[in-house]
Amino acid sequence: MASATVLSASGGVYDVRLDDGTVAEASLRGRLKLEQRTGDRVVAGDRVEVEIHPDSSIAIESVAPRTSELARRAPGHGRRARVIVANAQRVIIVFAARDPEPKRRLLDRFLVLAEASGLDVLIVMNKIDLVDESTVDEFLAPYVAAGYATLRASVRANTGIDELRDIVCGSHSVVTGPSGVGKSSLLNAIQPGLGLRIGEVSEAVHKGRHTTVTARLIPLDCGGYIADTPGLRELGLWRVDPAELEHYFPEFTDLLGTCRFKRSCTHIHEPDCAIRNAVDDGSIDRARYESYVTLYEEAAEQKV
Ligand code: GDP
Ligand code: ZN
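Residues numbered from 1 in each chain as written. Chains lettered and ligands numbered in written order. Predicted model: local features only at pLDDT ≥ 70, side-chain atom pairs only at ≥ 80, totals over all residues. Heavy atoms only, no water.

Caption draft 1: Looking closely at the coordination of the zinc ion (ligand 2). The protein atoms donating to the zinc ion (ligand 2) are Cys 259 (SG), Cys 265 (SG), His 267 (ND1) and Cys 273 (SG), with metal-donor distances spanning 2.1 to 2.4 Å. Counting the intervening residues between successive donors of the zinc ion (ligand 2) yields the motif C-x5-C-x1-H-x5-C. Both residues of the pair, Cys 259 and His 267, count as buried. (Donors = N, O, S within 2.8 Å, 3.2 Å for Na, K, Ca; no water. Buried < 20%, exposed > 50% of the residue type's maximum accessible area, 1.4 Å probe, protein only.)

So, in structure tokens, the structure goes:
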């Protein structure tokens with residue numbers, strides 16, 4: 001028996017990386033195949049025990065309990081969430097200061113997804129060489145106020161690259177963000193060739209080779225993994241329980257339960273709402289609150 005990490009899982013084929021660094025294809029042992037059908041899927045990021053047979057075929061014998069699950073909620077209440085990546089520590093959400101213009105609403109969606117999965121977050125604003133410092137400050141201010149870790153970067157000016165490398169080395173991060181913001185460039189700056197490999201995965205997915213949401217872990221030379229999750233970008237598919245949404249805006253946390261209608265307040269139309277009062281007095285950012293309202297209404301609509 002040997003320990004390994006699942007790099008990708010697609011169509012019953014598992015790429016695994018043994019702890020000695022060897023990468024190989026593996027299959028699932030019979031008992032696990034059965035569980036696979038009942039919903040306990042083996043996914044990228046899973047830590048597994050494998051048996052290496054004399055003919056050098058490899059079988060996954062067991063899966064270790066997960067420390068985290070990055071998941072899209074499955075529709076309806078009875079159905080389980082669909083796990084995209086297991087055991088990730090953080091989500092790195094990359095936006096560009098310009099080209100393409102950063103969109104708060106989209107960032108807020110990514111943040112809710114990360115919060116719902118209980119992962120740490122790093123917001124990276126790349127291409128800061130294209131704008132004034134004050135433009136970057138202004139965009140990031142509400143996120144800094146909400147307690148998020150942020151990093152200003154420019155691949156062109158070689159800013160923030162060493163910091164990003166220090167953060168990702170030795171840990172397991174998921175990278176996401178709109179296309180064109182410089183994800184591949186950032187990853188190449190950290191480790192030559194890395195961004196290219198990530199790009200290939202995205203490309204394959206966009207051409208429809210994989211029909212389901214899939215992810216791939218890329219081992220880092222400095223230890224740890226970067227995962228690309230192309231399916232995360234189709235966020236329209238993703239659902240959240242509207243009653244849970246308030247927990248995914250960290251700047252709301254201290255006020256929850258202090259509205260007139262206590263825990264049943266939706267913070268949308270009720271009188272004496274602590275959240276809306278905080279928006280009016282400026283202690284909660286209005287654009288962040290508007291994202292909450294949009295996502296709440298969307299979630300409520302999908303629920304019926
Ligand atoms: P991805 O789609 O997120 O992987 O983005 P790419 O890494 O392919 O980058 C998209 C474009 O932005 C390319 O033309 C890059 O050269 C450019 N780019 C990447 N980083 C920077 C940067 O820091 N500053 C500027 N000005 N351009 C950048
Ligand atoms: Zn309220």
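Having seen it, we continue.
Caption draft 2: Geometry of the sheet that holds strand 12 (residues 216-219). Reading across from one edge, 10-9-8-11-13-12 is the order of the six strands in this open sheet, with mixed pairing throughout. The open sheet has two edge strands, strand 10 (149-152) and strand 12, and neither has a second partner. Along the sheet, successive strands turn relative to each other by an average axial angle of 25°, direction set aside. Examined bridge by bridge, strand 8 (residues 90-96) and strand 11 (residues 171-176) share four bridges and lie parallel to one another. Directly across from Ile 93, in strand 11, lies its bridge partner Thr 176. Most of the contacts of helix 2 (residues 104-116) go to strand 8, to which it runs at about 175°, and overall it touches strand 8, strand 9 (120-126) and strand 11. Strand contacts of helix 4 (residues 161-168): strand 8, strand 9, strand 10, strand 11 and strand 13 (224-228), with the helix running at about 160° to strand 8, the strand carrying the most contacts. (Pairing = 2+ DSSP bridges. Helix = DSSP H or I, 4+ residues; strand = E, 2+ residues; numbered from the N terminus. Axes fitted to C-alpha atoms, helices over the stretch in contact; angles between N-to-C directions. Contact = heavy atoms within 4.5 Å.)

Caption draft 3: Representation of the packing of helix 4 against helix 5 (residues 183-190). The contact between helix 4 and helix 5 brings their axes to 9 Å, and the two run at 80°. As summarised for this structure, helix 4 and helix 5 are arranged roughly perpendicular, according to the angle between their axes. Where helix 4 approaches helix 5, its residues Ile 161, Leu 164, Arg 165 and Val 168 are matched on the opposing element by Leu 186, Ala 189 and Ile 190. When the residues that make up the contact of helix 4 with helix 5 are grouped by side-chain class, the tally is six nonpolar, no polar and one charged. (Parallel < 35°, antiparallel > 145°, perpendicular 65-115°, else oblique. Nonpolar A, V, L, I, M, F, W, Y, C, P; charged D, E, K, R; others polar.)

Caption draft 4: Inspection of the packing of aromatic side chains at higher detail. Across all of its chains, the model carries seven aromatic pairs by this definition. Members of the aromatic cluster, joined through ring pairs, are Phe 249, Phe 252, Tyr 289, Tyr 292 and Tyr 296. Taking the ring centre of Phe 139 as reference, the NZ or CZ of Arg 104 above it sits at 4.6 Å. (Phe/Tyr/Trp six-rings, centres within 6.5 Å; stacked < 30°, edge-to-face > 60°. Lys NZ or Arg CZ within 6 Å of the ring centre and 35° of its normal.)

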